Each structure stands twice: as structure tokens, then as C-alpha cells.
Amino acid sequence: MTLVLTIQAYLYLALGIVALGIEVWALSDCVRRPGTAFEAAFKRTKGFWLALTGGAVVVGLLSVLGGAGGFNLFQLVAIIAACVYLADVKPAVSQTSGRGGSQGPYGPW
């Protein structure tokens, strides 16, 4: 029985580290984007997304360093917030803050 609990603890730790990596990726991308690009993409403000992804990183750090067993509701909300940023906000903001030129159907031209 202790072997099962040990494997489970390591699995939760690995999942927590992966989730923390995704949350840090979302926060670092949000920091690099200009604030006007969020408004141009009709998304929430940069401050909102910085607070949301920053909170997600804090929850991820607390879960990995705190050694909490299992995933709780806060960890689930944190990873969902980071994934929403990466899947919805990041592509929209990337299109508005292009590197000059017009965007055609297959990329810049």
C-alpha cells in the first residue's frame, strides 16, 4: 500500500510541475505583450490577464513547494486560467501585434 501512495505522490508532483510550467509560460507571454494589443483584440485588459496568470503562478508554486497531496480546486482553476490565456487570448493578441505589414490568409505579405 505504501508503494501505491508513493507512486501517487510522485505522479501528483510531476503533474504539479507540468502545470507550473504552463502557468509560467502564460505569465511570461502576457508580460511581453503590449497593453494596447489586448484592447485591439477585444480581450480583457493586460492588467486583468497579468493578475490572473500571476495568481495562477502563485497557486502553482504553493502547490509544488508546499507538497500538497493531490490536485485541489485552486490548482484546477489556476491551470484552466493559464490554458484559457494560451488558447484564446495569446493567438488573438499575437495577430494584432504583428511585425508590420498586412496579414494575408496564409501569413504576412
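So, how was this worked out
Residues numbered from 1 in each chain as written. Predicted model: local features only at pLDDT ≥ 70, side-chain atom pairs only at ≥ 80, totals over all residues. Heavy atoms only, no water. Axes fitted to C-alpha atoms, helices over the stretch in contact; angles between N-to-C directions. Helix = DSSP H or I, 4+ residues; strand = E, 2+ residues; numbered from the N terminus. Parallel < 35°, antiparallel > 145°, perpendicular 65-115°, else oblique. Left-handed = near helix turned anticlockwise from the far one by under 90°. Contact = heavy atoms within 4.5 Å. Nonpolar A, V, L, I, M, F, W, Y, C, P; charged D, E, K, R; others polar. Phe/Tyr/Trp six-rings, centres within 6.5 Å; stacked < 30°, edge-to-face > 60°. Buried < 20%, exposed > 50% of the residue type's maximum accessible area, 1.4 Å probe, protein only. Expected span 1.5 Å × (residues − 1).

A. Focus on the packing of helix α3 (residues 46–66) against helix α4 (residues 73–96). Contact geometry for α3 and α4: axes closest at 9 Å, N-to-C directions at 140°. Comparing the axis directions of α3 and α4 gives the class oblique. Between α3 and α4 the crossing geometry is left-handed. Across the interface between the two elements, W49, L52, T53, A56, V59 and S63 from α3 touch F74, Q75, A78, A81, V84, Y85 and V89 from α4. A per-class count over the contact of α3 with α4 returns ten nonpolar, three polar and no charged.

B. Highlighting the packing of aromatic side chains. According to the stated counting rule, one finds two aromatic pairs in the structure shown. Ring centres 5.3 Å apart and planes at 85° place the aromatic pair F48 and W49 in the edge-to-face group. Judged by centre distance (5.8 Å) and plane angle (55°), the rings of W49 and Y85 are tilted. With a gap of 36 residues between them, W49 in helix α3 and Y85 in helix α4 connect regions that are remote in the sequence. A relative accessible area of 7% places W49 in the buried class. Among the residues examined, Y85 registers a relative accessible area of 0% and is labelled buried.

C. α3, seen in detail. Under the 1.5 Å per step criterion, the end-to-end length of α3 is 29 Å for 21 residues, consistent within 8% with the ideal 30 Å. Within α3, burial applies to W49, T53, G54, A56, V57, G60, S63 and V64. Here the buried face of α3 lies against α1 (2–32), α2 (35–40) and α4.

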